[in-house]
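Coordinates in review
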Amino acid sequence: MSSKKAAAKRKNAQRASSNVFSMFEQSQIQEFKEAFGCIDQDRDGVIKKSDLKETYAQLGKLNVSDEELEGMLSEGKGPINFTVFLSLFGEKLNGTDPEETILNAFKVFDPNATGFINKDEFRRMLITQADKFTPDEVEQIVDGTRLSRKVDIQLYILQSLCCRGQIIVS
């Protein structure tokens, strides 16, 4: 009887971990796998504090505190292997607004319905309104993308950044 219980437990654990894979398309899972591989610096299949620290260093951010790194790792509630990594993203992305809602939110910055937002005006709004980004945060947003080379930002680019974390050119 105990072997049946153990088999049932294993089956439930399998089902729970496989549910996270059903939340994403195969291409998204592949992108997450590549991201996981970039972060897992020592290639042992688990993201640790040293992996995060090295990843930040490669991105040019050298002043990340141990508390920040430990805070990130604690979200995994245990070792962060690929399944946990994917689950974390699933939890973060679950409940996010649909792409159309995000696009409509950016249309507020486009009163003439041109499909573009003036970059300087957008910066000003991010710094002065609502949750108020710092000038450094706004520069990170703009400099981390192709947006820094344009005067006007296409709305679909902002939508793509918010929904996919990358610019999708159609």
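Structural data are supplied above this passage.
These notes cover the structure that comes with them. The structure presented is a predicted model; accordingly, all values stated were derived computationally and were not measured.

Let us look at the pattern of salt bridges. A side chain of one charge can pair with a side chain of the opposite charge if their charged atoms are brought near each other. Counted under the stated rule, the structure contains seven salt bridges. Of the charged contacts in the structure, one is a salt bridge between lysine 53 and aspartate 66, with a shortest N-O distance of 3.0 Å. Of this pair, lysine 53 sits in helix α3 (residues 49–58) while aspartate 66 sits in helix α4 (residues 66–74); the two residues are 13 residues apart in sequence, bridging distant segments of the chain. Classification of aspartate 66 as partly exposed rests on a relative accessible area of 34%. Of the charged contacts, one joins arginine 124 and glutamate 121 as a salt bridge, the two residues approaching to 2.8 Å between their closest N and O atoms. With arginine 124 and glutamate 121 both in helix α7 (residues 119–128) and three residues apart, the pair spans about one turn of that helix. Looking at arginine 124, the relative accessible area reads 40%, which means it is partly exposed.

Rules used in this analysis
- Residues numbered from 1 in each chain as written.
- Predicted model: local features only at pLDDT ≥ 70, side-chain atom pairs only at ≥ 80, totals over all residues.
- Heavy atoms only, no water.
- Salt bridge = Lys/Arg side-chain N within 4 Å of Asp/Glu carboxyl O.
- Helix = DSSP H or I, 4+ residues; strand = E, 2+ residues; numbered from the N terminus.
- Buried < 20%, exposed > 50% of the residue type's maximum accessible area, 1.4 Å probe, protein only.

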